[in-house]
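Chain and residue survey
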Amino acid sequence: MSRPRLLSGMQPTHDSLHLGNYLGAQVNWVRMQEDFEAYFCVVDQHALTVGPDPADLRQRTRVTAAQYIAGGVDPQRSAVFVQSHVPEHSQLAWVLNCLAGFGEAARMTQFKDKSAKGGQDAATVGLFTYPMLMAADILLYNTEAVPVGEDQRQHLELTRDLAQRFNARYGDTFVVPRAHIPAETAKVMSLAEPTAKMSKSAENQSGNLMMLDTTKANTKKVKSAVTDTDNDVRWDPEAKPGIANLLRIHSALSGESIEALVERFAGENKYGALKGEVAEQVAVVQAPFKERVDDLLADPAELDAHLARGAERAREVAGATLARVYDAVGFVPLGR
Ligand code: ATP
Ligand code: LTN
């Protein structure tokens, strides 16, 4: 019996993933690839929406793929591929652009945030149509499950709406996907500004724990994490967002429950001790991760071969779905 399908992706917008990407998304990917037929895409076309330097984009696309594998994605079991290698993604995106409402797309918070940051003129049309390309990524594979972080919930809702709208208008074509969002670590917050999520594109990078940084650099960031001044370790995300973030990170990495941690760090002046343990827990995961990435990047031909195999597997499924879509909307098939 065939397994249900899963697809997810990350943008190659930085030299390294951060701990939020790892805990919020990747840990779940690795767990779920056991039960699903999984497709993991490096979404380079999405990254183009912010106008990266070509050499950076090329390098970051490979580094991102290497990080998927270093984090535990098995390229023999799951398809690891690059979005621009599978042209069906942009082909389906066009069809979905013609189905999505202008106002509906304008309501996406990611678009509103990102376009507000650079000013209206700096925002590209690509940034506006980003969610329809993401919907195409997902719907091409008849995907049932999409493991992402909390910030992607709205895009997933839009994807579901578009799938249902297409099915209602043109007949049953797409599977309506579900988001899989991990509860505890759904949002890893910035260490410098614990009310904002850890983000690759944040202006202040001192709040991000980067998976490919040195242990020393990350330890320094943890030790200078913004907290509060009452020095009492308690679980109170509203009043103590910095401490809540550290507790969540510790718990996700160590497996120790938040209640147990609070009990262990109860009493005066334990912020330093908590930070010390968080730094250690981060290093246990991050140092070997970085080593595996370095090994993979040392053999670019092998890495590119993984990506070529991944794209081939992806195209088999994507091509069949796109053909059904083209037929459903009324495009004339190419004569022979
Ligand atoms: P950018 O800041 O450039 O938008 P990002 O850091 O948000 O990038 P993405 O590439 O957009 O990262 O996201 C990759 C995956 O990581 C998504 O599933 C997203 O939900 C998840 N993710 C990103 N940031 C966090 C975070 N701080 N906590 C938990 N999950 C996160
Ligand atoms: N928008 C997503 C990245 C992304 C994605 C996808 C995630 C693009 N296409 C398909 C899951 C499925 C983000 O993380 N910012």
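Let me begin by describing the structure that accompanies this report. None of these values were measured; they are calculated from a predicted model. Counting restarts for each chain: residues are numbered from 1 in the order of the written sequence. Each chain is given a letter, starting from A, and each ligand a number, starting from 1, according to the order in which they appear as written. Per-residue local features of the predicted model are confined to residues with pLDDT of at least 70, and side-chain atom pairs are confined, for both listing and counting, to 80 or more; whole-chain, interface and lining totals are unaffected and use all residues. Based on all heavy atoms of the structure, the side-chain values leave hydrogens and waters out of the count.

**Here's the deal with the overall build of the protein**
Tallying secondary structure elements over the protein gives 13 helices and five strands in all. Taking 20 Å as the expected radius of gyration for a compact globule of 336 residues, we find that the protein reaches 21 Å, a close match to that expectation. By principal-axis analysis of the C-alpha atoms, the protein measures approximately 75 × 45 × 45 Å. Categorising residues by exposure relies on relative accessible area from a 1.4 Å probe, with only protein chains included: less than 20% of the type maximum marks a residue as buried, more than 50% marks it as exposed, and the intermediate range marks it as partly exposed. Expressed as a percentage of the 336 residues in the protein, the buried residues total 49%. Any pair of residues with heavy atoms lying within 4.5 Å of one another is described as a contacting pair. The long-range fraction of contacts in the protein, counting pairs at least 24 apart against all pairs at least 6 apart in sequence, stands at 77%. When charges are tallied, Lys and Arg are placed among the positive residues and Asp and Glu among the negative ones, while His and the ends of the chain are skipped. All charge positions are set by atom: Lys at NZ, Arg at CZ, Asp at CG, Glu at CD. Counting 36 positive and 43 negative side-chain charges, the protein places the averaged centre of each group 2 Å from the other. Runs of E in the DSSP output that reach at least two residues are strands. Runs of H or I that reach at least four are helices, and both are numbered from the N terminus. Between the two quantities, the radius of gyration covers C-alpha atoms and the globule rule is 2.2 Å times the number of residues to the power 0.38.

**Quick notes on the site of ligand 1**
Near ligand 1 there are 22 residues, and of these D151, V188, K197, S199 and K200 occur at the shortest range. Within 3.5 Å is the distance limit for a polar contact, defined as a pair of N or O atoms, with the added protein rule that one can donate a hydrogen and the other accept it, and that residues adjacent in sequence qualify only through two side-chain atoms. The separation between a nitrogen atom of ligand 1 and a polar main-chain atom of V188 is 2.7 Å. The separation between an oxygen atom of ligand 1 and a polar side-chain atom of S199 is 2.4 Å. Here the open area of atoms and residues is found with the Shrake-Rupley method and a 1.4 Å probe, where only the protein chains shown may cover a residue. Here ligand 1, which alone exposes 600 Å², has 96% of that area covered by the protein. In terms of residue count, helix 1 (residues 19-32) provides more of the shell around ligand 1 than any other element does, four residues in total. Throughout, near means a residue has at least one heavy atom within 4 Å of the molecule or strand.

**Quick look at the pairing of strand 3 (residues 79-82)**
Neither face of strand 3 is exposed, since A79 and F81 on one face and V80 and V82 on the opposite face are all buried. Of the strand pairs in this sheet, strand 2 (residues 37-42) and strand 3 are connected by four bridges, and their pairing is parallel. By the bridge assignment, F40 is partnered in strand 3 with V80. Two strands form a pair only when DSSP identifies at least two bridges running between them.

**Comments concerning the site of ligand 2**
Lining the immediate environment of ligand 2, one finds 13 residues, of which G9, Y130, M134, D137 and Q152 sit closest. Side-chain polar atom of Y130 to a nitrogen atom of ligand 2: 2.6 Å apart, as the coordinates give it. Considering ligand 2 on its own, with 360 Å² of exposed area, one finds that the protein chains cover 91% of that surface. Considering each element in turn, the shell around ligand 2 owes the most residues, four residues, to helix 7 (residues 125-139). Amino acids are sorted into nonpolar (Ala, Val, Leu, Ile, Met, Phe, Trp, Tyr, Cys and Pro), charged (Asp, Glu, Lys and Arg) and polar (every other residue, Gly among them). In terms of residue class, the shell around ligand 2 is made up of seven nonpolar, five polar and one charged.

**Considerations on the pairing of strand 1 (residues 5-10)**
Where strand 1 meets strand 2, six bridges bridge the pair, whose relative direction is parallel. Bridge pairing in strand 2 links G9 to C41. Note that the unit made of strand 1, helix 1 and strand 2 has a crossover that is right-handed. Look down the strands so they point away from you; if going from the first strand over the helix to the second traces a clockwise path, that crossover is right-handed.

**Structural notes on the packing of aromatic side chains**
Stacked, tilted and edge-to-face pairs are distinguished by plane angle, under 30 degrees for stacked and over 60 for edge-to-face with tilted covering the rest, among Phe, Tyr and Trp rings (Trp via its six-membered ring) whose centres lie within 6.5 Å. For the coordinates displayed, the defined rule picks out 10 aromatic pairs. Here Y22 and F289 contribute two aromatic rings whose centre-to-centre distance is 6.0 Å and whose plane-to-plane angle is 85°, an arrangement assigned as edge-to-face. Of the two residues, Y22 sits in helix 1 while F289 sits in helix 12 (residues 271-297), which places them 267 residues apart along the sequence. A single burial state applies to Y22 and to F289, both of which are buried.

**Some words on the environment of F102**
Tracing the chain through its elements places F102 in helix 5 (residues 102-106). Taking the C-alpha atoms as reference points, F102 and E277, 175 residues apart in sequence, are found 48 Å from one another.

**A look at the packing of helix 3 (residues 54-70) against helix 12**
For the pair helix 3 and helix 12, the least separation of the axes is 9 Å and the interaxial angle reads 125°. As the angle between them shows, helix 3 and helix 12 are arranged oblique. With respect to the hand of their crossing, helix 3 and helix 12 are arranged in right-handed fashion. Each of R62, V63, A66, Q67, I69 and A70 in helix 3 lies in contact with helix 12, whose residues at this interface are F289, R292, V293, L296 and L297. Here an axis means a line fitted to C-alpha atoms, over the contact stretch when the element is a helix, while the angle between two N-to-C directions is reported on a 0 to 180 degree scale. Comment on the angle field: the value is read as roughly parallel under 35 degrees, roughly antiparallel over 145, roughly perpendicular from 65 to 115, and oblique elsewhere. By definition, any crossing whose near helix is turned counterclockwise from its far helix by less than a right angle is left-handed, and any crossing with a clockwise turn is right-handed.

**Here's the deal with the pattern of salt bridges**
The working definition used for a salt bridge is a side-chain nitrogen of Lys or Arg within 4 Å of a carboxyl oxygen of Asp or Glu. Across all of its chains, the model carries 16 salt bridges by this definition. R62 is the salt-bridge partner of D304, the closest N and O atoms lying 2.9 Å from each other. One end of the pair, D304, is in helix 13 (residues 300-329); the other, R62, is in helix 3, and 242 residues separate them in sequence. Overall, D304 belongs to the partly exposed group, its relative accessible area being 29%. Here R62 falls in the partly exposed class, since its relative accessible area comes to 30%. With its nearest N and O atoms 2.9 Å apart, the salt bridge here joins D151 to K197. Taken together, the positions of D151 in the loop between strand 4 (145-147) and helix 8 (153-170) and K197 in the loop between strand 5 (178-180) and helix 9 (215-223) put the pair 46 residues apart, joining distant regions of the chain. Beyond isolated ion pairs, a larger network of salt bridges with shared partners links D228, D230, D232, R234, D236 and K240.

**Re the side chain of K221**
Position of K221 relative to the elements: it lies in helix 9. What K221 contacts, discounting residues up to four positions off in sequence, is L191, Q205, S206, N208, L209, M210 and D213.

**Regarding the nonpolar core**
Membership of the largest hydrophobic core comes to 52 residues, with the highest contact counts inside it found for L19, Y68, L191, L246, I249 and L274. Element by element, the count of residues in this core is highest for helix 12, at nine residues. With sequence-adjacent residues up to four places away left out, L246 is seen in contact with L191, V222, A225, T227, L274, K275 and V278. Counting residues in each nonpolar core, the second largest holds 43 residues, with V43, V86, F111 and A135 among its members. Residues belong to one nonpolar core when they are buried, are Ala, Val, Leu, Ile, Met, Phe, Trp, Tyr or Cys, and are joined through side-chain atoms within 4.5 Å.

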